[in-house]
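Residue-level structure breakdown
Each chain, letter by letter, is given below.
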Amino acid sequence: MPVLVMKFGGTSVANLDRIRRAAKRVGVEVAKGYDVIVIVSAMSGETNKLVGLVDDTSPLYDAREYDAIVSSGENVTAGLMALTLQEMDVPARSWQGWQVPLLTTSAHSQARIEEIPTDNLNAKFGEGMRVAVVAGFQGLSPEGRITTLGRGGSDTTAVAFAAAFGAERCDIYTDVDGVYTTDPRISPKARKLDKISFEEMLELASLGAKVLQTRSVELAMRYKVKLRVLSSFEEQSDEAGTLVCDEEEIMESNVVAGVAYSRDEAKMTLLSVADRPGIASIIFGCLSDAGVNVDMIVQNISEDGRTDMTCSLPTDQVARAKQALEQLKTDGGLNYAELVTDDGVAKVSVVGIGMRSQSGVAAKMFKVLSDEGVNIKVITTSEIKISVLIDRKYMELAVQALHDAFELEKV
Ligand code: ASP
Ligand code: MG
């Protein structure tokens, strides 16, 4: 029988009523003839609560025990979902990650999926089980310990199951009804997209549109898993939500698919570093060792053999970055005149595969910002994305103006 993967996020399983509602949706697909693999998150708020308990017990916790504890929220919802389905006369069984087994690396709290053997579940499907309810977010390390896949990891569990079982589709049920051209809380004109390509979704996900864990999109793109994002709170039709799919399946699209933003950015500049081979490697090697996630990087033209190096990073990593670079200077590893930071910036980006074939998008973006009197501090581009760093206080204005200028409210 064809397989469907259905993933329910925390708000969709927040209480027994919602679990019943979700189970009904599963029942509909079973009645259509699918064998269903349901992936569940923990009830909303539950994982945060567990993380809090770990922090309060041991500030320098053992990551193996962290995983043992924070993975437990999903065990509860998996069991409850299986019971609820059984109450509806749907043959269902729950599975924890280790029982499948979902095999991962041993990088606790950030483990990556290595393999999902299909034999155990398939044997049960062969015996008449119609729904396997699998606890998301968790797996088993080569050492035989429980691992977790990073916050939001149930999305990745779902896509990995869809790939392993050759599922017809992977439906991600959440509290929004799809992927929007921008955040509707910022621009009321934001429009739900019927389809979006993997590449665009990957950019939007990593730019902070928190609908899907970025890794789940990477995985879906690699294995060509059709992903659908939809709301578990609305009546569903087969066309509901947003389909994340291969570019070829999208007949026509706007040049720009969406405007994304990331609010808590900071900018850091090293003034007057030597312009010679190895300098960038020293600076960014140092930041990487300090666990700083650098995003944009700009190097100025040099004068008299010296140059300025600017990068962007999350605001909550500024202190760590500063400390590492100041230490580097003290230790004689790098000579610079001054370290200047600005933690009041935000990143705004326009994303669209149409940019590959159409020129003028950057020019238009800069004109729109200039008309609004917004100063651009840093610019970076990729084939399908243009990002700018601006003062945080102009972020909403910039997002709205760009959404209007590129007419994203229109299909
Ligand atoms: N419960 C986990 C979290 O809150 C995993 C997930 O829901 O995707 O991060
Ligand atoms: Mg999530």
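Each remark here, short or long, concerns the structure printed above.
Now for a quick tour of the structure. Quick caveat, the model's predicted, so the values are computed rather than measured. (Residues numbered from 1 in each chain as written. Chains lettered and ligands numbered in written order. Predicted model: local features only at pLDDT ≥ 70, side-chain atom pairs only at ≥ 80, totals over all residues. Heavy atoms only, no water.)

Orientation of helix α6 (residues 154-164) relative to helix α8 (residues 214-223), taken along the N-to-C sense of each, is 15 degrees, at an axis distance of 8 Å. When the interaxial angle is binned, α6 and α8 end up roughly parallel. Here α6 runs over α8; the crossing is left-handed. Here Asp-155, Thr-156, Val-159, Ala-160 and Ala-163 of α6 come into contact with α8, specifically with Arg-215, Ser-216, Leu-219, Ala-220 and Tyr-223. For the contact of α6 with α8, the class distribution of residues is 6 nonpolar, 2 polar and 2 charged. (Axes fitted to C-alpha atoms, helices over the stretch in contact; angles between N-to-C directions. Helix = DSSP H or I, 4+ residues; strand = E, 2+ residues; numbered from the N terminus. Parallel < 35°, antiparallel > 145°, perpendicular 65-115°, else oblique. Left-handed = near helix turned anticlockwise from the far one by under 90°. Contact = heavy atoms within 4.5 Å. Nonpolar A, V, L, I, M, F, W, Y, C, P; charged D, E, K, R; others polar.)

Let us look at the sheet that holds strand β2 (residues 35-40). The mixed open sheet is built from 8 strands, whose spatial order is β3-β6-β2-β1-β9-β11-β12-β10. Each edge of the sheet is formed by a strand with only one pairing partner; in this case those strands are β3 (92-95) and β10 (195-197). Sheet twist, expressed as the average angle between the axes of neighbouring strands with direction ignored, equals 20 degrees. By the bridge criterion, 5 bridges tie β2 to strand β6 (residues 131-135) in an arrangement that is parallel. Across the sheet, residue Val-38 finds its bridge partner in β6, namely Val-133. Its contacts with the sheet place helix α1 (residues 16-31) against β1 (3-8), β2, β6 and β9 (169-174), and it is angled at close to 170 degrees to β1. (Pairing = 2+ DSSP bridges.)

Turning to the pairing of β1, a few remarks are in order. Both faces of the sheet carry side chains from a regular strand, because those side chains alternate between them. With respect to burial, β1 is a largely interior element, 6 of its 6 residues being buried. Residues Val-3, Val-5 and Lys-7 line one face of β1 and the alternating positions Leu-4, Met-6 and Phe-8 line the opposite face, and both faces are buried. Relative to β2, β1 is paired through 6 bridges, and the arrangement is parallel. Bridging from a neighbouring strand, Leu-4 pairs with Val-36 of β2. Handedness of the β-α-β unit built from β1, α1 and β2 comes out right-handed. (Buried < 20%, exposed > 50% of the residue type's maximum accessible area, 1.4 Å probe, protein only. Right-handed = clockwise from strand over helix to strand, strands pointing away.)

It is worth spelling out the pattern of salt bridges at this point. Oppositely charged side chains can form a pair if their charged atoms are brought close together. In total, this model carries 25 salt bridges according to the counting rule given. A salt bridge links Asp-171 to Arg-228, with the shortest nitrogen-to-oxygen separation between them at 3.1 Å. Residue Asp-171 is found in strand β9, and its partner Arg-228 is found in strand β11 (residues 227-231); the two are separated by 57 residues along the sequence. Accessibility expressed as a relative area gives 0% for Asp-171, which makes it buried. When the shortest N-O distance is used, the salt bridge between Glu-407 and Lys-410 registers 3.2 Å. Relative accessible area serves as the criterion here: at 45%, Lys-410 is assigned to the partly exposed category. Ionic contacts of the salt-bridge type, sharing partners, join the residues Glu-199, Glu-247, Arg-356 and Glu-383 into one network. (Salt bridge = Lys/Arg side-chain N within 4 Å of Asp/Glu carboxyl O.)

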